[in-house]
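Chain by chain, the residues run as shown.
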Amino acid sequence: MDTPRPGRTRVTSVSLRTETLEAIRARAGRQGVSSYIEEAVQRQLQREAIDEYIVAAEAEHGPVEQAEVAARAERIRAHHAAHRGDAAPADAA
């Protein structure tokens with residue numbers, strides 16, 4: 001059964017391919033299908049909001065250099081590795 005989540009919910013109907021639903025059920029486990037799909041949709045909404053932010057920022061400030069993106073990504077990986085207590089390889093993706 002789906003686990004309760006904070007916030008208001010409303011029942012809706014969504015059509016999924018049989019294979020997709022079977023894969024979701026296999027991965028969702030005790031979390032439940034609804035919670036699994038809710039989390040996946042929230043991640044997608046976050047990605048889209050970030051993409052929109054990037055487009056707006058680049059329109060205002062110009063495109064970001066890929067070398068700068070790679071350098072910042074490496075700093076983020078190193079930060080997360082330090083807080084996990086392990087070392088991230090320099091070429092980790």
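Read on for an overview of the structure. In this text, all values refer to a predicted model and were calculated from it rather than measured experimentally.

The rules we used
- Residues numbered from 1 in each chain as written.
- Predicted model: local features only at pLDDT ≥ 70, side-chain atom pairs only at ≥ 80, totals over all residues.
- Heavy atoms only, no water.
- Helix = DSSP H or I, 4+ residues; strand = E, 2+ residues; numbered from the N terminus.
- Buried < 20%, exposed > 50% of the residue type's maximum accessible area, 1.4 Å probe, protein only.
- Contact = heavy atoms within 4.5 Å.
- Areas by Shrake-Rupley, 256 points an atom, 1.4 Å probe, with all protein chains shown as cover.
- 1 Å grid on protein atoms, 1.4 Å probe; cavity = no way out; pocket = protein on both sides within 12 Å on 5 of 7 lines; lining within 4 Å.
- Points joined across faces, edges and corners; volume = space filled by probe spheres on them.
- Nonpolar A, V, L, I, M, F, W, Y, C, P; charged D, E, K, R; others polar.
- Patch = residues over 30% accessible without salt bridge, like charges linked within 9 Å, V, L, I, M, F, W, Y side chains within 5 Å.
- Salt bridge = Lys/Arg side-chain N within 4 Å of Asp/Glu carboxyl O.

1. A look at the overall build of the chain
Secondary structure assignment for the chain yields three helices and zero strands. Secondary structure of the chain in N-to-C order comes out as α-α-α. With 93 residues in all, the chain has 5% of them scored as buried. Within the chain, contacts between residues at least 6 apart in sequence are counted, and of these 40% link residues at least 24 apart. For the chain, the exposed area adds up to about 8400 Å²; of that, 55% sits on carbon and sulfur atoms.

2. Overview of the layout of surface pockets
Roughly 200 Å³ of internal volume is contained in the second largest pocket. A per-element tally of the lining of the second largest pocket places helix 2 (residues 33-61) first, with six residues. Of the residues contributing to the lining of the second largest pocket, the split by class is six nonpolar, two polar and one charged.

3. Quick word on a nonpolar patch on the surface
The grouping of Ile50, Tyr53 and Ile54 at the surface amounts to a nonpolar patch, some 330 Å² of accessible area in total. When you line up the elements, Tyr53 lands in helix 2. For Tyr53, a relative accessible area of 62% puts it in the exposed group.

Read these as spatial facts, not as claims about activity.
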